[in-house]
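The lines below spell out each chain.
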Amino acid sequence: MAISLFIATGSNAGQQIPVDAGQTVRIGRTTRSDYAFPNDSYLSGLHFEVNCNEAKCAVRDLGSSNGTFLNGARLGQDSVAVKDGDQISAGEMTFLVQFSSGEQALAYPVPMAAGTPVERTARMFAPGFEPEAPAQTTLTGEQKRVRDILMYQTAPLFAVLDAARDPILPQLLGAPALRWQPLFATEPAGGPAVHAPFLVELGQESSLSERTDAHAFLETLLLSGWGKSWGIFFTSLASLEDLAAHFRGFLLAQTQGERPFHLRLYDPRVLRAFLPTCEPAEIAAIFGPIVNYLIEADRPDTMLAISRGADGLITARVSLTEQPMQAGAGV
């Protein structure tokens with residue numbers, strides 16, 4: 001198994017550290033580490049290490065003074081397995097764990113025949129076990145606000161979604177009128193590429209069936225995945241094919257071992273940390289034909305709208321709890 005550690009925050013944001021199967025990588029402040037960051041005074045000389053074998057990758061603290069944290073929980077010196085999307089915090093930096101393409105195997109649930117009832121009784125659960133509450137079935141007020149913002153953009157709407165985030169994502173692409181395509185490797189017979197990001201068209205519909213399918217897909221996506229970093233939305237006047245070529249041009253990177261990794265800028269956590277660190281030429285490459293990016297913020301009640309201005313990035317924080325003023329309403 002191979003992973004990449006994407007530095008999402010700190011003075012070295014945007015850099016990427018590969019960890020291949022059979023490799024142990026040590027990170028710290030001094031040259032005793034495999035990757036040294038001498039400018040981070042909160043790091044110990046040897047701070048933490050990540051090791052990978054054929055089955056899993058794990059992280060452990062190396063007796064650091066200020067601690068190593070996995071998703072906010074302080075680690076000891078015993079190894080703890082990591083999964084895709086985990087956050088490792090050390091010193092002033094946050095490292096986002098990214099699995100190499102094809103490393104995650106998703107198990108798909110067996111679909112139940114339509115109309116088959118499921119009887120849930122106390123006998124189905126072990127003593128003391130409480131079944132989970134029923135899943136959310138309607139959009140929250142914040143999700144409705146996101147839907148309204150996305151649906152009423154002046155330029156056509158698209159999304160890049162990470163199929164590895166949840167098994168439900170490839171299944172949502174079954175609507176016959178929905179236009180989409182994977183950005184990298186495809187599955188046989190034209191099926192969804194279950195480990196790859198895919199591009200979906202949500203705002204260039206020309207028929208009622210296309211509008212219905214796109215809006216239904218968007219509502220299902222927000223209901224199940226808003227706030228879970230499933231992907232990013234954006235607007236553009238370009239075609240689906242041209243946009244796919246645009247993203248392929250900068251999302252695939254080579255590591256030192258010549259193994260390809262997806263630079264996961266379709267993860268909103270990565271995109272919002274990476275864009276402010278970019279030079280003008282990099283910003284131009286990431287935007288290209290895109291008018292603006294519409295992504296989750298670090299707070300669940302806020303959405304970010306990021307566009308490119310003459311002097312750099314323009315970032316607007318949109319409240320999802322405030323309703324827009326109605327036309328003709330006084331101040």
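Bear in mind that the values here come from a model prediction, so they are computed numbers and not experimental data. Each chain has its residues counted from 1, running along the sequence as written. This being a predicted model, a pLDDT of at least 70 is required before a residue's local features are given, and a value of 80 or more before pairs of side-chain atoms are given or counted; all residues contribute to the totals for chains, interfaces and linings. Calculation of side-chain values draws on the structure's entire complement of heavy atoms; hydrogens and water are dropped beforehand.

**Q** Can you explain the side chain of serine 229? Please cite residues and give values.
**A** Tracing the sequence through the fold places serine 229 in the loop between helix H3 (208-225) and strand E15 (231-236). Relative accessible area decides the class of each residue, using a 1.4 Å probe on protein chains only: under 20% of the type maximum gives buried, over 50% gives exposed, and in between gives partly exposed. Residue serine 229 is classed as buried on the basis of its relative accessible area of 7%. Throughout this description, a polar contact denotes any pair of N or O atoms lying within 3.5 Å of each other; where both atoms belong to protein, one of them has to be capable of donating a hydrogen while the other can accept it, and for residues adjacent in sequence the pair is counted only when both atoms sit in side chains. A polar contact of 3.3 Å, which involves the side chain of serine 229, links it to the side chain of arginine 269. Other than its neighbours up to four places away in sequence, serine 229 contacts Arg165, Asp267, Pro268, Arg269 and Glu296. Helix and strand definitions here come from DSSP, where helices need a minimum of 4 consecutive H or I residues and strands a minimum of 2 consecutive E residues; each element is numbered from the N-terminal end. Two residues form a contact once any of their heavy atoms are found within 4.5 Å.

**Q** Lay out the sheet that holds strand E6 (residues 57-61) in plain terms, naming residues and giving numbers.
**A** Across the sheet, five strands lie side by side as E4-E3-E5-E6-E9; this open sheet has mixed pairing. Whereas interior strands pair on both sides, the edge strands pair on one side only; in this sheet they are strand E4 (35-36) and strand E9 (80-81). Pairing between two strands requires that DSSP report at least two bridges joining them. Where E6 and E9 come together, two bridges link them in antiparallel fashion. Opposite valine 59, over in E9, you have valine 80 as the bridge partner.

**Q** Can you explain helix H6 (residues 280-287)? Please cite residues and give values.
**A** Of all the residues in H6, the buried ones are Ile283, Ile286 and Phe287. The buried residues of H6 occupy one face: seen down the axis, they fall within an arc of 95°. Of the surrounding elements, those touching the buried residues of H6 are helix H4 (240-251), helix H5 (268-274), strand E18 (290-296), strand E19 (302-309) and strand E20 (312-319). A positive backbone phi angle near 50° is found at glycine 288, which sits one or two residues after H6. The directions from the helix axis to the C-beta atoms are what the arc is built from.

**Q** Which residues make up the pattern of salt bridges, and what are the values?
**A** A carboxyl oxygen of Asp or Glu within 4 Å of a side-chain nitrogen of Lys or Arg is what we treat as a salt bridge. Summed over the entire model, instances satisfying the criterion amount to 10 salt bridges. Residue aspartate 34 pairs with arginine 26 through a salt bridge whose shortest N-O separation is 3.9 Å. Judged by its relative accessible area of 31%, arginine 26 falls in the partly exposed class. Of the charged contacts, one joins glutamate 49 and arginine 60 as a salt bridge, the two residues approaching to 2.9 Å between their closest N and O atoms. With glutamate 49 in strand E5 (residues 48-52) and arginine 60 in strand E6, this pair connects stretches of sequence that are 11 residues apart. Arginine 60 gets classed as partly exposed once you look at its relative accessible area, which sits at 24%. Sharing partners across several salt bridges, the network here consists of Arg147, Asp148 and Glu219.

**Q** Please provide a residue-by-residue account of the pairing of strand E12 (residues 157-162), values included.
**A** Within E12, six of the six residues are buried, leaving the element largely enclosed by the surrounding structure. Side-chain alternation along E12 places Leu157, Ala159 and Leu161 on one buried face and Phe158, Val160 and Asp162 on a second face that is also buried.

**Q** Describe the nonpolar core, and please don't skip the residues or the numbers.
**A** Generally speaking, soluble globular proteins have nonpolar side chains that are buried together. Residues grouped as a nonpolar core are buried Ala, Val, Leu, Ile, Met, Phe, Trp, Tyr and Cys residues, joined through side-chain atoms within 4.5 Å. Among the nonpolar cores identified, the biggest contains 36 residues, and Leu199, Phe234, Phe247, Leu265 and Tyr293 are the most heavily contacted of them. Elements with a contribution of two residues or more to this core: strand E1 (3-9), E12, E15, H4, H5, H6, E18 and E19. A total of six residues in this core trace back to one element, the largest contributor, which is H4. Residue contacts for phenylalanine 234: discarding those within four places in its chain leaves Pro156, Leu157, Phe158, Ala159, Val160, Leu199, Leu243, Phe247, Ile290, Asn292, Tyr293 and Leu294. Val200, Leu202, Leu294 and Ala305 belong to the second-largest nonpolar core, a separate cluster that totals 27 residues.

**Q** Hey, could you go over the state of the cysteines for me, with residue numbers and the actual values?
**A** The rule for a disulfide is simple: a pair of cysteine sulfur atoms within 2.5 Å. Evaluated as defined, the whole model comprises one disulfide. Each disulfide pairs two cysteine sulfurs, and for cysteine 52 the partner residue is cysteine 57, the sulfurs being separated by 2.0 Å. Handedness of the cysteine 52-cysteine 57 disulfide follows from its S-S torsion of about 110°: it is right-handed. What makes cysteine 52 buried here is its relative accessible area of 4%.

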